[in-house]
Amino acid sequence: MAKITTSKYPIKTTLLTNEEICNLSPAALAMVADFFKVLSEMSRLQIICALKDGEKNVSEIIEITKLGQANVSKHLKVLTQAGIVTRTQEGVNVFYAIANPLVFSLCDLVCNSIATQLEQQNQQLESLKSFKKLF
């Protein structure tokens, strides 16, 4: 296992090697799958992005995301149960914040990968357009 610290979101974590990942128990793999299921919903990603700059209450999240109150509340519950966000009550106000800032590093990796794929597809399209002009 290797220790890393991300510079943008300073939190220490332990990374598994590829071999260790491939040898995870079915129960551990189920936990990984559940984590990705939580992140697989667009509304939850919008909420995570809304919380990137700091804690917010439900009204602020609704204003930023343009999602309905019931929808935001439902997704905040899922994100809280998954340990991705924290919930703090101050009087009548409830504030949510990112509990696991590594989620941003994960999103960066995925977005960069998608951008690379799209760039490659665009290059292939340009090649096809050039080839088509020959005929």
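Just so you know, these numbers come straight off a predicted model, no measurement behind them. (Residues numbered from 1 in each chain as written. Predicted model: local features only at pLDDT ≥ 70, side-chain atom pairs only at ≥ 80, totals over all residues. Heavy atoms only, no water.)

A. Quick look at the state of the cysteines. The tally for this structure, following the rule as stated, stands at zero disulfides. With no disulfide of its own, Cys-49 lies closest to Cys-107 among cysteine sulfurs, the gap being 6.4 Å. Not part of a disulfide, Cys-111 finds its nearest cysteine sulfur in Cys-107, a span of 6.1 Å. (Disulfide = S-S within 2.5 Å.)

B. Inspection of the sheet that holds strand β5 (residues 93-98) at higher detail. Overall, antiparallel pairing links the three strands, which are arranged β3-β5-β4 in an open sheet. A strand with exactly one partner marks an edge of an open sheet, and here the two such strands are β3 (56-57) and β4 (85-90). Sheet topology note: the β4/β5 ladder contains six bridges and is antiparallel. Residue pairing for β5: Thr-88 is matched across the bridge by Phe-95. Here helix α5 (residues 69-81) sits on the sheet and contacts β4 and β5; the angle it forms with β4, its principal contact strand, is near 115°. (Pairing = 2+ DSSP bridges. Helix = DSSP H or I, 4+ residues; strand = E, 2+ residues; numbered from the N terminus. Contact = heavy atoms within 4.5 Å. Axes fitted to C-alpha atoms, helices over the stretch in contact; angles between N-to-C directions.)

C. Geometry of the packing of aromatic side chains. Summed over the entire model, instances satisfying the criterion amount to one aromatic pair. With centroids separated by 6.1 Å and ring planes inclined at 80°, the aromatic side chains of Phe-35 and Phe-36 adopt a geometry described as edge-to-face. (Phe/Tyr/Trp six-rings, centres within 6.5 Å; stacked < 30°, edge-to-face > 60°.)

D. Expanded view of the nonpolar core. If you look at the biggest cluster of nonpolar residues, it comprises 18 residues, and the most contacted ones within it are Ile-47, Ile-48, Ile-84 and Tyr-96. For this core, the secondary-structure elements that each account for two or more residues are α2 (26-39), α3 (42-50), α4 (58-65), α5, β5 and α6 (102-133). (Core = buried A, V, L, I, M, F, W, Y, C linked by side-chain atoms within 4.5 Å. Buried < 20%, exposed > 50% of the residue type's maximum accessible area, 1.4 Å probe, protein only.)

E. Quick peek at the packing of α4 against α5. Across the interface, α4 lies against α5 with an axial gap of 10 Å and an inter-helix angle of 110°. Considering the angle they form, α4 stands roughly perpendicular to α5. Between α4 and α5 lies a crossing whose hand is right-handed. Residues Val-58, Ile-61, Ile-62 and Thr-65 of α4 pack against Gln-69, Val-72, Ser-73 and Leu-76 of α5. Counted by class, the contact of α4 with α5 contains five nonpolar, three polar and no charged residues. (Parallel < 35°, antiparallel > 145°, perpendicular 65-115°, else oblique. Left-handed = near helix turned anticlockwise from the far one by under 90°. Nonpolar A, V, L, I, M, F, W, Y, C, P; charged D, E, K, R; others polar.)

F. Representation of α6 in the model. In this model, α6 (32 residues) spans 47 Å end to end at C-alpha, consistent with the 46 Å of a helix rising 1.5 Å per residue. Looking only at α6, the buried set comprises Val-103, Phe-104 and Ser-105. (Expected span 1.5 Å × (residues − 1).)

G. Quick look at the pattern of salt bridges. Counted by the stated rule, this structure contains two salt bridges. In this structure, Lys-37 and Asp-34 form a salt bridge, with 3.6 Å as the shortest nitrogen-oxygen distance. Here the residue Lys-37 and the residue Asp-34 both occupy positions in helix α2, the gap between them amounting to three residues, near one helical turn. The exposure class of Lys-37 is exposed, given its relative accessible area of 52%. (Salt bridge = Lys/Arg side-chain N within 4 Å of Asp/Glu carboxyl O.)

Bear in mind that shape data such as this cannot, by itself, settle questions of function.
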